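# Coordinates in review
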Amino acid sequence: MTTAAPREAAAAVAAPAVRGRSPGRIAYERLRRDPAALLGLAIVTVFVVTALAAPLLAGLNGWRPETFDKSAIDQALGGVPKGDFGGIGAEHWLGVEPGNGRDVFSRIVYGARVSLLIAVAATAVTVLAGTAVGLVAGYFGGRIDTVLSRIMDLVMSFPSLIFMLALLSIAPGTDRVLLLVLIMSMFSWPYVGRIVRGQTLSVRHREFVDAARVNGAMGPHILLREILPNIAAPILVYTTLAIPANIGTEAALSFLGVGVRPPAPSWGQMIDNGLLWYQVAPTYFMIPCVCLFLTVLAFTLLGDALRDALDPKGGGR
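Presented here is a report on the structure given in the accompanying data block. (Residues numbered from 1 in each chain as written. Predicted model: local features only at pLDDT ≥ 70, side-chain atom pairs only at ≥ 80, totals over all residues. Heavy atoms only, no water.)

### So, the overall build of the protein chain
Assigned secondary structure in the protein chain consists of 14 helices and two strands. The C-alpha radius of gyration of the protein chain comes to 25 Å, more than 25% above the 20 Å expected for a compact globule of 317 residues. Considering the protein chain as a whole, with its 317 residues, one finds that 42% of them fall into the buried category. Contacts in the protein chain between residues at least 24 apart in sequence constitute 73% of all its contacts with a sequence separation of at least 6. Summed over all atoms, the accessible surface of the protein chain reaches about 16500 Å², with 69% contributed by carbon and sulfur. (Helix = DSSP H or I, 4+ residues; strand = E, 2+ residues; numbered from the N terminus. Rg over C-alpha atoms; globule rule 2.2 N^0.38 Å. Buried < 20%, exposed > 50% of the residue type's maximum accessible area, 1.4 Å probe, protein only. Contact = heavy atoms within 4.5 Å. Areas by Shrake-Rupley, 256 points an atom, 1.4 Å probe, with all protein chains shown as cover.)

Spelled out as structure tokens, the structure:
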């Protein structure tokens, strides 16, 4: 009895502190203690700052991404960069592009801007469209749910990469960034729609939703003020994991020649060009590959850590 009393007293003191923490605070504490999350966040921050500061960084480097430097390549050898490691030096910090002498550093930082812009914009359109459809389907049910669910099934049945290639190949010479965003999101929104629909079905008859309905709240109010905040966690996790998927998709489409078109820089486009020169200038091939790998890895680590942090059963982490 004498040993149990201090333990009960200590538990009584500690319990209010634990119960008093909000879910957001708990998730923040878990993320702060997760080395993988911190590493992913650090890498993501570096690439986001690089993309935002691309004009400034290119100005410090002294070379625009579309500027040719014929003096940096050996014309007699078919355009092989002069110097070691693809021409890396004080003049060109990451070397030059074989064949034309364009600065690799400037093209990398502008390529980061293009890749992140397309990926984030496509993810935003995907999440907004999928969330709207999923909320409506899950809340109203019945024939509305049946029709919207069949539409989602239909879109998900298409082999997305093949249809993206086909649509981008026959598309007119319009704004490629906008076109990529629209086509990539066209085949992605049903996945988040399915997630949101399932979450909405699980909470639409909860006590707080019934209370709002009894108090006279209409459908839009219930969807946006009652249901959506309570299913925001899986939507946020999906958003974080969809960004690296869209970065890889944009790089793949540019690699296959239907994405971003020259002279606009893209990591996938640089990897495609680097295949022709990897034996004589391997750094030109490796640098965009490493950037693409690190960006996708960082967003994936951050998304996985965020999913674990928001999991109410993840108290052991």
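### Focus on the nonpolar core
Grouped together as the largest cluster of nonpolar side chains are 21 residues, with contacts concentrated most on Ile-108, Ile-247 and Trp-267. Looking at this core, the elements with two or more residues in it are helix H3 (35-52), helix H5 (104-140), helix H12 (232-255), helix H13 (267-274) and helix H14 (282-310). Sort the elements by how many residues they give to this core and H14 lands first, with six residues. For Trp-267, the contacting residues outside a window of four places in its chain are Phe-47, Ile-108, Gly-111, Ala-112, Ser-115, Pro-288, Cys-291, Leu-292 and Thr-295. (Core = buried A, V, L, I, M, F, W, Y, C linked by side-chain atoms within 4.5 Å.)

### What to know about unusual backbone geometry
With an omega dihedral of 5 degrees, the bond running from Pro-262 to Pro-263 counts as a cis peptide bond. Mapped onto the elements of the fold, Pro-263 is located in the loop between H12 and H13. With phi around 55 degrees, Phe-85 is a residue other than glycine that occupies positive phi space. As for its position among the elements, Phe-85 is in the loop between strand E2 (80-81) and H5. Residue classification places Phe-85 among the exposed residues on the basis of a relative accessible area of 61%.

### Notes on the packing of helix H2 (residues 23-32) against H14
Two elements in contact, H2 and H14, have axes whose closest approach is 8 Å; the angle formed by their N-to-C orientations is 135 degrees. It follows that H2 is oblique to H14 by the angle criterion. In terms of crossing hand, the pair formed by H2 and H14 is right-handed. In this structure, H2 uses Ala-27, Arg-30 and Leu-31 to contact H14, whose residues at the interface are Ala-305, Leu-306, Asp-308, Ala-309 and Leu-310. Taken together, the residues that form the contact of H2 with H14 break down as six nonpolar, no polar and two charged. (Axes fitted to C-alpha atoms, helices over the stretch in contact; angles between N-to-C directions. Parallel < 35°, antiparallel > 145°, perpendicular 65-115°, else oblique. Left-handed = near helix turned anticlockwise from the far one by under 90°. Nonpolar A, V, L, I, M, F, W, Y, C, P; charged D, E, K, R; others polar.)

### Here's the deal with a nonpolar patch on the surface
Residues Leu-154, Phe-158, Ile-162 and Phe-163 make up a contiguous nonpolar surface patch of about 370 Å² in total accessible area. One can find Phe-163 in helix H7 (residues 160-170). (Patch = residues over 30% accessible without salt bridge, like charges linked within 9 Å, V, L, I, M, F, W, Y side chains within 5 Å. Salt bridge = Lys/Arg side-chain N within 4 Å of Asp/Glu carboxyl O.)

### Some remarks on the packing of helix H10 (residues 207-214) against helix H11 (residues 219-227)
Running from N to C, H10 and H11 cross one another at 145 degrees; their axes reach a closest spacing of 11 Å. Seen from above, H10 lies across H11 with right-handed handedness. The residues of H11 that touch H10, namely those facing Phe-208, Val-209, Ala-212 and Arg-213, are Ile-222, Glu-226 and Ile-227. Among the residues making up the contact of H10 with H11, the classes are represented as five nonpolar, no polar and two charged.

### Here's the deal with the packing of aromatic side chains
Scanning all chains against the criterion turns up seven aromatic pairs. Each ring, one from Phe-158 and one from Phe-187, has its centre 6.5 Å from the other, and the planes form 75 degrees; the classification is edge-to-face. Of this pair, Phe-158 sits in the loop between helix H6 (142-157) and H7 while Phe-187 sits in the loop between helix H8 (176-186) and helix H9 (189-203), and the two are 29 residues apart along the sequence. Using a relative accessible area of 32% as the deciding quantity, one classes Phe-158 as partly exposed. Within the aromatic cluster, the residues linked to one another by ring pairs are Phe-158, Phe-163 and Phe-187. (Phe/Tyr/Trp six-rings, centres within 6.5 Å; stacked < 30°, edge-to-face > 60°.)

### Topic: H3
The end-to-end C-alpha separation of H3 is 26 Å, in line with the 26 Å expected for 18 residues at 1.5 Å each. If you check which residues of H3 are buried, you get Ala-37, Gly-40, Ile-43, Val-44, Phe-47, Thr-50 and Ala-51. Taken around the axis of H3, the buried residues stretch over an arc of 165 degrees, which confines them to a single face. Every exposed residue of H3 that faces more than 90 degrees away from the buried side is listed here: Pro-35, Val-46 and Leu-52. For H3, the elements touching its buried residues are H2, helix H4 (54-61), H5, H13 and H14. The N-cap of H3, judged by a side-chain oxygen 3.0 Å from the amide nitrogen of Ala-36 a few residues on, is Asp-34. (Expected span 1.5 Å × (residues − 1). Arc of directions from axis to C-beta. Polar contact = N/O pair within 3.5 Å; in protein donor to acceptor, adjacent residues only side chain to side chain.)

All we've got here are geometric facts, nothing functional implied.
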